[in-house]
Amino acid sequence: MIKKIKKLALLAMTACVIAACNKDELTQKAISIQIMGYNIGNSELEISIDTGVYDKFKTAPNTLLNFGKVYTYPSSKEQALLKIRDVVSGKEVYQNELDLRQNEFERFFPFVMINGTPLEIKIPSPDPATNKLAFYIYYPESSDLIDVFMRNETGQTVYIARNVMPATWAYADYVSAEGFKDPNKNYTWYFVKAGTTDQWAFHDDEYKSQSPTGTLYIPKNGETGRVQAYFVTAASNQLDVVSLFKP
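Predicted, not measured: the structure shown is a model, and the values here were computed from it.

(A) Structural detail: the side chain of Asn 39. Within the secondary structure, Asn 39 is located in strand S1 (residues 28-40). Residue classification places Asn 39 among the buried residues on the basis of a relative accessible area of 0%. For Asn 39, the side chain forms a polar contact with the main-chain oxygen of Ser 43, separated by 2.7 Å.

Written as structure tokens, this is what we have:
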């Protein structure tokens, strides 16, 4: 009788342990993963997290990289590996180990691929007195310096950056000026040859040298302390200006 009771107790304990394990596995957590950038060249990019491959969301050559997914995992999991692979060459071109123990529900990663090589994204340090803007212009057709100015609906202009050299990182300080503070209005950035206002920087074409600011999240209402990096390319039939920061 005693042996039978002990056996039943052991079975009960085992069942409890299994139930606890199953409960832990069933308790799910989730984080939002976003990757923004661009894919220049002949590569096709594929993103995976651990063994999960998002093969339906590949990034074709010379297109915007815009990946956003919610990654779910067991509460006991502490780490995951985010990877980007060049499908054409088969090479892994980026990886980042995610610490799942942090209480961060959103993770943002900028990534730019230029002809098979990841671009080093050089982010400036924040300054509470101003906003730090960074620009990388990909335009192999010319090495001429470029000015960037913004125009509102009345024709008023303000300079964003001057003398930006293509294929190098350039930095500028910016605080919203009068006429450009309304968060509900959309303005336009223009890219011109340095020292001019109407010699268009890309393909001598006004349309290909301008970009609306709707998705660029420019600082407004006198905001300061923000750091914002942009990748600019005229590789497609239009000008693409990509925000490399979490809005």
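Alright, that's what it looks like, and here's the rest.
(B) A look at the nonpolar core. Counting 28 residues, the largest nonpolar core has Met 150, Trp 189, Phe 191, Phe 202 and Tyr 230 as the members making the most contacts within it. It is strand S11 (residues 157-164) that contributes the most residues to this core, four residues altogether. Setting aside anything within four residues of it in sequence, one finds Phe 191 in contact with Ile 137, Ile 146, Asp 147, Val 148, Trp 200, Ala 201, Phe 202, Ser 209, Val 232, Leu 239 and Val 241. Membership of the second largest hydrophobic core comes to 21 residues, among which are Leu 65, Leu 98, Leu 100 and Phe 109.

(C) Highlighting the sheet that holds strand S2 (residues 45-49). Taken in spatial order, the four strands make up an open sheet running S3-S2-S5-S6, and their pairing is antiparallel. Of all strands in the sheet, those bounded by a partner on one side alone are strand S3 (52-53) and strand S6 (92-99). Examined bridge by bridge, strand S5 (residues 79-86) and S6 share seven bridges and lie antiparallel to one another. Along S6, the bridge assignment pairs Ala 80 with Leu 98.

(D) Summary view of the sheet that holds S11. Spatially, four strands are ordered S11-S10-S13-S14 in an open sheet, and the strand pairing comes out antiparallel. In this open sheet, the two strands that pair with only one neighbour each are S11 and strand S14 (210-212). The sheet shows a mean angle of 20 degrees between the axes of neighbouring strands, direction not considered. Both strand S10 (residues 146-151) and strand S13 (residues 188-193) contribute to a ladder of six bridges, which runs antiparallel. Looking at the pairing, Phe 149 lines up with Tyr 190 of S13.

(E) Region of interest: the side chain of Asn 131. Residue position: Asn 131 is located in strand S9 (residues 131-138). One polar contact links the side chain of Asn 131 to the main-chain amide nitrogen of Gly 225, over a distance of 3.4 Å. A polar side-chain atom of Asn 131 sits 3.1 Å from the main-chain amide nitrogen of Arg 226. Asn 131 has contacts with Ala 172, Asp 173, Tyr 174, Val 175, Pro 219, Glu 223, Thr 224, Gly 225 and Arg 226, leaving out every residue within four places of it along the chain.

Definitions and limits used
Residues numbered from 1 in each chain as written. Predicted model: local features only at pLDDT ≥ 70, side-chain atom pairs only at ≥ 80, totals over all residues. Heavy atoms only, no water. Helix = DSSP H or I, 4+ residues; strand = E, 2+ residues; numbered from the N terminus. Buried < 20%, exposed > 50% of the residue type's maximum accessible area, 1.4 Å probe, protein only. Polar contact = N/O pair within 3.5 Å; in protein donor to acceptor, adjacent residues only side chain to side chain. Core = buried A, V, L, I, M, F, W, Y, C linked by side-chain atoms within 4.5 Å. Contact = heavy atoms within 4.5 Å. Pairing = 2+ DSSP bridges. Axes fitted to C-alpha atoms, helices over the stretch in contact; angles between N-to-C directions.

Remember, this is a structural readout, not a statement about activity or role.
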